[in-house]
Amino acid sequence: MTTAVLGAGISGLSAGYYLLRRFGKPLTIYEASPRVGGWIRTEGHKDRGFLFESGPRTIRPKGLAGANTLELVEELELPIHPIPSSHVAAKNRMLYAKGRVCMLPNSPTGLIRTVPPFTKPLYRALLHDLVTSSTLAKNEDESIYSFTERRFGKEIADYAISPMICGICAGDAKEISVRFLMETLFENEQKYGGVLKGALYARFKDKVDESQTGLFAKGEPKLFKRATKEKWAMYGVEDGLEQLPRAMRKYLGEHDVNVQLSSKCTNLTFSNDGARITLREAELPVRHVVSALPAHQLAPLVRTQHPSLAAQLLEIPYVDVVVVNIQYNSDLLKHNGFGLLVPPIEKLPILGVIFDSCCFNMAGNTILTVMMGGRWFDQRFGNQPSQKKLRDVAHQYVRQILQIKEEPGFSRVHMLHKCIPQYTVGHKRRVENIRKYIMDYKLPLSLCGAAYDGVGINDVILSARKQVEELPSPSGY
């Protein structure tokens, strides 16, 4: 019997890649839509020298997860565009707050000056952390906002952390779990009595060498070593990030992995000898299922046989995000950088703006990506807003914030329904309980993807790898 992967987004394709690499056994990936890549989508305009990204456009080469993705990129021989830490897009991050664009500090001197929108030097917030005792969190978790306010003060929570959470998961920092999204900071405080104290202590602890004990038994990937040496802050892929899932599909096809598009699974049942998936009203027996589907899509598939599991999956909420890509015919930006975020306390309908043409060469065009909605979608836009309304709002705030008076040459509106899971307080325990249920009932099912292990590209690729590596050895598989 074959192994089935549900979903051909980046996590599902990664699961296929690691299953092939580990087992080399029959394997099929089923994707409901007519394309691979999930939320990663590039719209090229090569004739005019620019492209639009409706999903992510860059990847960070940091840490174990970053090294793991670079190993994959290396294997696929994908041409990439590094962005070094000295690049303006790496150095300059901005907020729009209190009616102005504010450049965030990017050097130590920024900590000792008062930088708008803050009303006192940032070092004062660090001192606050050093002199504040730790508080044992109820139920071993709390919101990122509450944690930040306790450790660094309300102003940091409102104007630094809250907009950052908008940028990460389009969520409300007052609801998002610190233990899931910033576990190291949380554990440092709980264990050592403060974030900075814990960070200082960690510098003197023995570091684990992954090349000996973990993922890279053959040594760190060459591309990761290069990224470290050249101090990459992030990187993109030539001709857009969608080239990554396309290259993965090509690689899998060349190694006899079947990727079936427009193949929606409508039911999933389990037995002692495997699982049965329903496709186009036909049941197909499989040995094991790796689900890379969003939790809310997996829930109805297992509800009949495992209603409790379905209910737990549905406890993970998702939000809608609007992405508006805008092109102008010349270089119009007065501020250069990666982009800007808008703190929720400003109560504006946009989450932030990415300056794509600062990150990559766009042939003299100004290319912007406006993000809207998220946790506040219904509040800001109501039920089923028209594309014209969404486009008009994006154009209005680009004019107001960036003082661009010219009319766009071209723009595109994307309504991304239930695209980002929300890691609300208690999320880590929620995921542990879901995986414990699967283990207790000995279901031939593995879960990978953004709902369980983090929202970034590095996170979902590593999620797939770890789930595959937890499967029984080839003799028992």
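Residues numbered from 1 in each chain as written. Predicted model: local features only at pLDDT ≥ 70, side-chain atom pairs only at ≥ 80, totals over all residues. Heavy atoms only, no water.

A. Here's a closer look at the domain arrangement of the protein chain. The assigned domain composition of the protein chain is domain 1 (3–38 + 241–317 + 424–470), domain 2 (89–204) and domain 3 (318–421). The interface of domain 1 with domain 3 comprises eight residues on the first partner and four residues on the second. In this assembly, domain 1 packs against domain 3 so that about 520 Å² is buried in total across both faces, 67% of it on carbon and sulfur atoms. Of all residues in domain 1, the largest losses of buried area upon contact with domain 3 belong to H296, P317 and V455, amounting jointly to 68% of the total for that side. Linking domain 1 to domain 3 there are zero salt bridges. The tally of links between domain 1 and domain 3 comes to one residue pair in polar contact (both at pLDDT 80 or more). Going through the elements one at a time, α14 (295–302) and α20 (450–453) are the ones with two or more residues in the side of domain 1 that touches domain 3. Here the side of domain 1 that touches domain 3 is composed, by residue class, of seven nonpolar, one polar and no charged. (Domains from an automatic or database assignment. Contact = heavy atoms within 4.5 Å. Buried area = accessible area lost by both parts, 1.4 Å probe. Salt bridge = Lys/Arg side-chain N within 4 Å of Asp/Glu carboxyl O. Polar contact = N/O pair within 3.5 Å; in protein donor to acceptor, adjacent residues only side chain to side chain. Helix = DSSP H or I, 4+ residues; strand = E, 2+ residues; numbered from the N terminus. Nonpolar A, V, L, I, M, F, W, Y, C, P; charged D, E, K, R; others polar.)

B. How the structure looks around the side chain of R179. Here R179 is to be found in helix α8 (residues 178–181). Beyond its immediate chain neighbours, meaning those up to four positions away, R179 contacts E140, D141, F186, K428 and R429.

C. The arrangement of the packing of aromatic side chains in detail. Considering all chains together, one arrives at nine aromatic pairs under this definition. The ring of F338 has R93 sitting right over it, with the charged end atom 4.4 Å from the ring centre. The ring centre of Y159 lies 5.1 Å from the NZ or CZ of K98, which sits over that ring. (Phe/Tyr/Trp six-rings, centres within 6.5 Å; stacked < 30°, edge-to-face > 60°. Lys NZ or Arg CZ within 6 Å of the ring centre and 35° of its normal.)

D. Quick peek at the state of the cysteines. Going through the model one piece at a time under the given rule, you end up with zero disulfides. Take C265: it sits in no disulfide, and the sulfur closest to it among the cysteines is that of C448, at 15 Å. Assessed through its relative accessible area of 9%, C265 is described here as buried. The structure places no disulfide on C359, whose sulfur is separated from the nearest cysteine sulfur, that of C358, by 6.8 Å. Taking the relative accessible area as the measure of exposure, C359 reaches 5% and is therefore buried. (Disulfide = S-S within 2.5 Å. Buried < 20%, exposed > 50% of the residue type's maximum accessible area, 1.4 Å probe, protein only.)

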